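Structural overview for review
This is what each chain is made of:
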Amino acid sequence: MGTVYFTMIVDTLAKYKRMRGYTVLLPQGWDTHGLPTELQVQYNLKVSKDDTETFRLACKEWTNKTIKSIKEGMISVGYRPDWEQFEYSTDEERYIRAVQLSLIEMFEKGLIYRRRFPIYWCPHCGTVVSQAEVGYVEREGVLAFVKFRAAAPGGSDIVVATTRPELLFACVAVLVNPLDERYKTVVGKEVIVPLAERPVKVMADNAVDPKFGSGAVMVATFGDEQDIRWQIKYNLPIIEVVNEKGLLKNSGELSDLSIEQAKKKALELLKQRGELVEVKPFKHNVLSHTERQNCMTPIEFLSRYQFMAKMVDFKDQVLGASELMKWHPPLMLDRVRAWHSALEWDWVISRQRIFGTPLPFWICRDCGSIIPARREQLPVNPRRDAPPTDKCPVCGSTNIAGVEDVADGWVDSSITPLFITGFFDNHELFKKTYPVDVRQQGYEILRTWFWYSTYRGIVLTGKAPFKSVLVNGMILAPDGRPMSKSRGNAINAIQTAKEHGADSLRYALLSLTVGADFPFHWEAVKRGKALLQKLWSAFRLISSWSVAPLMEPPLSSVAVDNWVMKRLYETERTYSNAMDEYRFNDALNELVQFFWHDVCDNYLEIAKPRMSKGDKECASALGFTFDSLLRLFSPFLPHVTEEIYQDLKWGSKLTVHALEWPREPKFDEQLASEGGKEVQIIAAVRSAKASKGVPLGQWIQKADVRADIKGISNVKELETLLEEVLRIKDARVEEGNFSVTFA
């Protein structure tokens with residue numbers, strides 16, 4: 001449903017802009033590389049990663065099948081990007097070349113480096129993840145109070161509170177708050193780490209909360225992000241006790257156990273040794289792999305050599321550029337500001353995976369220097385391709401190895417605004433199209449796709465890549481929760497489109513306020529279907545009167561014709577203002593209200609007796625109004641408008657979507673005002689007739705009407721309309737408070 005909603009929004013916007021005369025570039029890219037693809041192939045298709053080439057081909061095959069399925073679904077709901085000119089996927093050679101070229105340029109600018117650093121590691125997915133891919137999840141745990149014995153005879157023991165007793169073998173220091181009177185005498189002294197039986201120093205740091213637990217905490221490498229900060233601040237040693245599978249190592253009896261098994265075992269051993277003072281159940285936030293909803297595994301911190309992009313140095317620049325963009329809705333910028341405040345580390349751009357863009361670098365094994373590929377080599381795969389030089393340009397060593405890591409998937413997708421505008425190979429196109437007018441995306445990837453794209457645009461071109469940002473929310477299940485196959489509340493958008501009509505689904509989703517989360521409502525789909533039927537019936541009706549489309553606005557002498565022209569003018573103004581501000585729901589609602597109530601409920605009823613007499617002014621007003629309606633509805637309801645256009649032979653162009661914006665209606669302001677009053681009086685008399693239980697099709701001998709007719713210059717015209725529209729043989733209208741007497 002999310003993909004369908006996304007495509008409906010961007011498709012509606014593109015169709016509207018084309019109609020307004022813009023040259024629209026609407027590319028369709030397929031983000032194929034990355035962890036989701038590998039997980040599908042590894043766990044669902046049961047393909048082993050041991051044979052890397054077989055695994056890569058299986059990923060490619062699965063990707064192609066998935067793209068085919070998604071594309072069919074997109075087309076079925078009316079999505080029409082530039083399939084012919086601007087369809088691409090991130091695993092194509094031309095795209096891989098662009099990604100690698102962007103990395104080489106960043107390296108030459110001094111923005112890419114390699115270092116050993118504590119990285120976010122997902123044991124379940126078996127890969128490093130970035131800060132943008134993790135978040136906190138509340139989980140049940142324990143808070144253990146553990147006694148650390150004094151290292152020196154006669155010294156004071158200290159009780160440390162920890163949620164991760166399984167990491168005792170990685171403890172490198174104990175910290176207390178410098179203002180905590182309880183520990184003033186032990187600061188600077190050493191205590192013995194239980195189980196590990198080695199001394200560590202007690203240190204004072206203002207970041208320690210004296211009210212948490214015992215007020216004393218251990219620094220383990222690494223239990224959480226705060227441990228990383230302290231390790232760097234005090235240059236503490238690093239002791240690794242967790243491997244890439246999430247099992248303990250270098251931990252005595254805890255080795256080869258999982259995190260949870262080791263936690264339980266550690267508590268048992270501490271209790272046996274008399275070093276477990278107390279254990280409390282503890283609910284706390286645990287850093288987890290939240291970007292993957294089907295993972296959510298707690299993150300471990302491993303110290304590994306990784307390729308990094310300098311991000312922190314540019315975060316103020318990225319935020320500043322973001323604040324100059326126009327945001328829809330504006331509150332979404334606050335999410336970017338929050339991410340800016342939370343961002344502490346540079347971007348880890350390397351991944352230990354198979355199906356991805358190869359990093360275009362080699363490493364000198366002797367001095368550690370990075371050797372980039374030559375531009376003419378690209379695309380390149382250092383796993384199998386020869387290095388660009390036989391000797392390290394720094395130390396002269398011939399001991400050179402190709403980098404086996406691939407790029408983070410966001411490294412691929414973050415250059416999309418550069419790729420589609422021709423930055424890498426078409427500078428004339430780039431001058432015309434960069435920065436792009438609008439980035440449309442979901443809010444859940446603002447800190448990844450939006451942030452990284454903005455960062456890359458700035459460092460590679462000196463300019464931010466977007467003028468405006470349109471952020472959509474999520475379509476929830478009818479029960480208000482996120483859709484999930486496991487919960488059984490997911491709705492298949494394509495099946496819904498087949499059963500109820502794609503335009504009905506488009507109406508239901510585009511009626512929502514962009515940016516907010518909404519539960520899916522079947523009633524909205526039903527309203528959409530009713531609208532389609534109403535549109536079709538109305539066009540069939542006027543076609544039966546031989547009304548032809550009229551592109552030139554007529555100027556009628558009849559008041560109600562001027563009224564409908566003015567209402568069309570007002571509707572178009574409101575519609576276009578809303579569309580220009582990406583308030584699609586407001587534009588659609590205004591259009592539906594005009595069509596359903598002003599046109600169908602009122603004007604068409606007035607037109608029926610006039611058209612039976614061959615009224616040319618009425619036919620012109622109908623032709624222009626319905627031609628405008630067809631154009632205005634076409635971005636929202638592409639299928640029914642196309643069917644009307646073709647089946648009723650409404651125009652000569654290839655498609656309704658090739659039509660231009662309707663011309664501005666013409667009307668006399670005074671006559672339009674009079675027409676508005678006449679329509680109100682006719683509607684009121686109709687209601688009065690119905691309230692008497694008289695069928696609307698039944699003739700009435702006489703009606704005496706009193707109403708506000710000040711300003712109506714042709715009362716006789718009004719009386720004639722009352723007689724013809726409401727089947728009254730003799731209608732008389734006089735000034736006064738509204739009343740109707742039927743005879």
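Let me sum up the structure you'll find in this document. (Residues numbered from 1 in each chain as written. Predicted model: local features only at pLDDT ≥ 70, side-chain atom pairs only at ≥ 80, totals over all residues. Heavy atoms only, no water.)

Moving on, we get to the packing of aromatic side chains. All chains considered together, the criterion is met by 27 aromatic pairs. Ring geometry for Tyr-88 against Phe-419: centres 5.0 Å apart, planes inclined by 55°, an arrangement best described as tilted. Remark: Phe-419 occurs in helix H11 (residues 416-420) and Tyr-88 occurs in strand S2 (residues 87-89); sequence separation between them is 331 residues. Accessibility assignment for this pair places Tyr-88 and Phe-419 in one class, buried. The structure contains a cluster of three or more aromatic residues connected by ring pairs, namely Tyr-16, Tyr-575, Phe-636 and Trp-661. Sitting above the plane of the Tyr-443 ring, Arg-335 keeps its charged end 4.2 Å from the centroid. When the ring centre of Trp-449 is taken as origin, the NZ or CZ atom of Arg-439, which lies over that ring, is 3.6 Å away. (Phe/Tyr/Trp six-rings, centres within 6.5 Å; stacked < 30°, edge-to-face > 60°. Helix = DSSP H or I, 4+ residues; strand = E, 2+ residues; numbered from the N terminus. Buried < 20%, exposed > 50% of the residue type's maximum accessible area, 1.4 Å probe, protein only. Lys NZ or Arg CZ within 6 Å of the ring centre and 35° of its normal.)

Right, let's talk about the pattern of salt bridges for a bit. Counted under the stated rule, the structure contains 55 salt bridges. The salt bridge involving Glu-240 is made with Arg-116; its shortest N-O contact spans 2.9 Å. Separated by 124 residues along the polypeptide, Glu-240 in the loop between helix H6 (225-234) and helix H7 (259-272) and Arg-116 in strand S3 (residues 112-122) bring together distant segments of the chain. Classification of Glu-240 by relative accessible area gives buried; the value is 18%. A salt bridge links Asp-708 to Lys-677, with the nearest nitrogen and oxygen atoms 3.6 Å apart. Here Lys-677 lies in helix H21 (residues 669-691) and Asp-708 lies in the loop between strand S24 (700-707) and helix H22 (715-726), a separation of 31 residues in the sequence. Put simply, Arg-116, Glu-240, Glu-244, Lys-249 and Arg-304 are held in one network by salt bridges that share partners. (Salt bridge = Lys/Arg side-chain N within 4 Å of Asp/Glu carboxyl O.)

Residues Leu-509, Leu-622, Phe-626 and Phe-633 are the most contacted members of the largest nonpolar core, which totals 94 residues. At 14 residues, the largest contribution of residues to this core is made by helix H18 (residues 584-612). Apart from residues lying up to four places away in sequence, Phe-626 is in contact with Ala-538, Phe-539, Ile-542, Phe-595, Val-599, Leu-604 and Trp-650. With 64 residues, the next largest nonpolar core counts Leu-101, Ala-321, Phe-361 and Leu-460 among its residues. (Core = buried A, V, L, I, M, F, W, Y, C linked by side-chain atoms within 4.5 Å. Contact = heavy atoms within 4.5 Å.)

As a further point, take the layout of surface pockets. Roughly 1,200 Å³ of internal volume is contained in the second largest pocket. Lining the second largest pocket are 42 residues, and of these Thr-163, Arg-164, Gly-223, Asp-224 and His-284 lie nearest its centre. Only strand S5 (135-150), strand S6 (158-162), strand S10 (216-220), H6, H7, strand S11 (276-288) and strand S12 (300-309) provide two or more residues apiece to the lining of the second largest pocket. For the lining of the second largest pocket, a count of residues per class yields 20 nonpolar, ten polar and twelve charged. (1 Å grid on protein atoms, 1.4 Å probe; cavity = no way out; pocket = protein on both sides within 12 Å on 5 of 7 lines; lining within 4 Å. Points joined across faces, edges and corners; volume = space filled by probe spheres on them. Nonpolar A, V, L, I, M, F, W, Y, C, P; charged D, E, K, R; others polar.)

Take Thr-448: it is sitting in helix H13 (residues 446-461). For Thr-448, a relative accessible area of 2% corresponds to the buried category. Between the C-alpha atom of Thr-448 and that of Thr-66, which follows or precedes it by 382 residues, the distance is 23 Å. Aside from chain neighbours lying at most four places away, what touches Thr-448 is Ala-132, Trp-410 and Ser-453.

Attention now moves to the packing of helix H17 (residues 559-580) against H18. Packed helices, taken two at a time, are described by their axes: the angle between them and the distance between them. The interhelical angle for the contact between H17 and H18, taken along N-to-C directions, is 170°, at an axis separation of 9 Å. Overall, the two elements H17 and H18 adopt an arrangement that is roughly antiparallel. Between H17 and H18, the residues in contact are Val-560, Asp-561, Trp-563, Val-564, Arg-567, Leu-568, Thr-571, Thr-574, Tyr-575, Ala-578 and Met-579 and Phe-584, Asp-586, Ala-587, Glu-590, Leu-591, Phe-594, Asp-598, Asn-602, Tyr-603, Ile-606 and Arg-610, respectively. Residue composition of the contact of H17 with H18, by class: 13 nonpolar, three polar and six charged. (Axes fitted to C-alpha atoms, helices over the stretch in contact; angles between N-to-C directions. Parallel < 35°, antiparallel > 145°, perpendicular 65-115°, else oblique.)

This part covers the sheet that holds strand S25 (residues 728-735). Reading across from one edge, S25-S24-S26 is the order of the three strands in this open sheet, with mixed pairing throughout. Two strands bound the open sheet, and with one partner strand each, they are S25 and strand S26 (739-742). Taking the axes of each pair of neighbouring strands and ignoring which way they run, one obtains an average angle of 15° across the sheet. Across four bridges, S24 lies against S26 in antiparallel orientation. When the bridges of S26 are listed, Val-705 appears paired with Val-740. Together, S24, S25 and S26 form the strand contacts of H21, whose direction differs from that of S26 by roughly 50°. Helix-sheet contacts for H22 involve S24 and S25, and the interaxial angle to S25 is about 145°. (Pairing = 2+ DSSP bridges.)

On to unusual backbone geometry. In this model, His-328 is joined to Pro-329 through a cis peptide bond whose omega is -10°. Its place among the elements puts Pro-329 in the loop between strand S13 (326-328) and helix H9 (332-342). The omega angle of the peptide bond from Tyr-434 to Pro-435 is 0°, so this bond is cis rather than trans. Tracing the chain through its elements places Pro-435 in the loop between helix H12 (427-433) and strand S20 (436-442). Although it is not a glycine, Asn-235 sits at a positive phi angle of roughly 55°. On the secondary structure map, Asn-235 appears in the loop between H6 and H7. In this model, Lys-649 sits at a positive phi of 50°, which is unusual for a non-glycine residue.

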